[in-house]
Amino acid sequence: MFPTASLTAFLLLAVSVSANPIVVRNPPVSLSFARHLNITGSFDLVAKDQARAKNFMAIGKAKHSGTLSTAAVVSVGVTNVAVVYQATVGVGSPATNYNLLIDTGSSNTWVGAGKTYVKTSTSVQTSNRVSVTYGSGSFSGTEFTDTVTIGPGLVVPGQSIGVASTSTGFTGFDGILGIGPTDLTLGTLSPNTGSSIPTVTDNLFRRGTITSNLVSVSFEPTTTTSVKNGELTFGGTDSTKFTGSLTFIPITSTSPANQFWGINESIRYGTSTSILTTTAGIVDTGTTLILIATDAFNRYTTATGAVLDATTGLLRITSAQFTNLKSLFFTTGGRSFELTANAQLWPRALNTFIGGTSGNIYLVVNDIGTPTGQGLDFINGFTFLERFYSVFDTGNKRVGFATTSFTTATSN
């Protein structure tokens, strides 16, 4: 197992008094949350992300049409290679701690990929089987309800969890903490296929532990393989983690992006080169790169002068091209968010960890694998989110962005 590190997550707690909630601010709550470069086998980062994108497309379209089945799930045989964020989450009473991946692109919480599930007096097995495929991994097993402890003050009794009997693609981790839209859990139970499963955020809100049904995420760029550099805030935002104001974007109406944390945005290179006209895509912590439609990727490749690196699958530029590299502008919600030239780079200190050459300059923008017009034409992965504070607001069906002190960092 990788070592874990802590972060601070702030809670906005509500105590019900008659019909009017009183907002109480608790002291900071410590939650283990770390960034890891998780490498086993080959180094095909791009294939992992593209497999995940195909899975999003298939599941989203199937849910929209009402024909979700196992045939709609795309599973591509890729090696478990990714940059991942993990939290230490307790299950049971007394709690057993599990290292779970933080994922806004899925909504099931489950354990058992590594450490075996330990039953306690709070563990209740249901009559359901549960299974989820992620494109770059999968699990199947049994549904339990149990007490889930995310941190002091963040305890969810009776939370539905999956207990894996089989899993693939999760070497080094115990499962997933899913904080995506609740409807993504539809069809994951059997025989109760028509039931959704409330996420941990849903249940914290329902119990009055948090005052808003949302979770905010703060990441930071890094040049090391394992570091404490993130914060989850359940029920509110942490104003110390962002600069200026938050811009909120409603969930897109375009399918299949609207099944996820989907928004509409356009992308421009420099002052005038259009890369992607306004279209629908998603925001996803589980995707490493920034993926854009194939035709947009070709325009970006031409604009930057980059070449495709056969070893890593990433675009590569020269030092001279980097000097002339212009910012990308992501326009959404009436505001443009600038991804600087440095923010478009894979951290050079980590080149060899993905099979690259020390000293080369690789870009984190890549091909989603399909042309524009598919209803899911981009994924803002965490190489984007490391530069912007993000809010995933279930209650108001919207996503929020703000700049941070790391938006213009030159660490890569």
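Everything numeric in this text was worked out from a predicted model, so none of it was measured.

**Student:** So what's going on with the UniProt feature "active site" (unreviewed entry) in the protein chain? Which residues, and what values?
**Tutor:** Here the UniProt-annotated "active site" (unreviewed entry) positions come out as Asp103 and Asp284. Spanning 182 residues, the named residues form one tight spatial group whose C-alpha atoms are at most 7.4 Å apart. With respect to the helices, strands and loops of the structure, Asp103 is situated in strand β6 (residues 96-103). The residues contacting Asp103, other than those within four sequence positions of it, are Arg52, Tyr134, Ile176, Leu177, Gly178, Ile179, Gly180, Asp284, Thr285 and Gly286. Mapping Asp284 onto the fold places it in the loop between β18 (273-283) and β19 (290-292). You can call Asp284 buried: its relative accessible area is 0%.

**Student:** I'd like a rundown of the sheet that holds strand β21 (residues 315-317), residues and numbers included.
**Tutor:** One open sheet accounts for 3 strands, arranged β20-β21-β24; its pairing is antiparallel. Looking at which strands have only one partner, the edges of the open sheet turn out to be β20 (307-308) and β24 (361-363). As defined by bridge partners, β21 adjoins β24 across 3 bridges and the pair is classed as antiparallel. Its bridge partner being in β24, Leu315 is matched across the sheet by Leu363. Helix α3 (residues 294-304) contacts β21 and β24 of the sheet and is inclined by roughly 10 degrees relative to β21.

**Student:** Summarise the side chain of Glu265; cite the residues concerned and give the values.
**Tutor:** Within the secondary structure, Glu265 sits in strand β17 (residues 262-269). Of note is the side chain of Glu265, whose polar atom sits 3.1 Å from the side chain of Asn380. With sequence-adjacent residues up to four places away left out, Glu265 is seen in contact with Thr277, Thr278, Thr279, Phe330, Thr331, Thr332, Phe378 and Asn380.

**Student:** A description of the pairing of strand β15 (residues 231-234) should follow, citing residues and the corresponding values.
**Tutor:** Here β15 shows no split at all, with Glu231 and Thr233 on one side and Leu232 and Phe234 on the other all buried. As judged from the 4 bridges shared by strand β13 (residues 214-218) and β15, these two strands associate in the antiparallel manner. Residue Val217 lies in a different strand from β15, and its bridge partner there is Leu232.

**Student:** So, the nonpolar core: which residues are in play, and what are the values?
**Tutor:** If you look at the biggest cluster of nonpolar residues, it comprises 84 residues, and the most contacted ones within it are Phe234, Ile292, Tyr300, Leu328 and Phe401. Residues Trp110, Tyr134, Ala164 and Ile197 belong to the second largest nonpolar core, which totals 12 residues.

**Student:** Before we move on, can you summarise α3 with the specific residues and values?
**Tutor:** Those residues of α3 lying buried are Ala296, Phe297, Tyr300, Thr301 and Thr304. The arc that holds every buried residue of α3, seen down its axis, measures 140 degrees, which confines them to one face. Of the residues flanking the end of α3, it is Gly305, one or two places downstream, whose phi is positive at about 75 degrees.

The rules we used
Residues numbered from 1 in each chain as written. Predicted model: local features only at pLDDT ≥ 70, side-chain atom pairs only at ≥ 80, totals over all residues. Heavy atoms only, no water. UniProt positions renumbered as here; feature names shortened; annotations may be inferred. Helix = DSSP H or I, 4+ residues; strand = E, 2+ residues; numbered from the N terminus. Contact = heavy atoms within 4.5 Å. Buried < 20%, exposed > 50% of the residue type's maximum accessible area, 1.4 Å probe, protein only. Pairing = 2+ DSSP bridges. Axes fitted to C-alpha atoms, helices over the stretch in contact; angles between N-to-C directions. Polar contact = N/O pair within 3.5 Å; in protein donor to acceptor, adjacent residues only side chain to side chain. Core = buried A, V, L, I, M, F, W, Y, C linked by side-chain atoms within 4.5 Å. Arc of directions from axis to C-beta.

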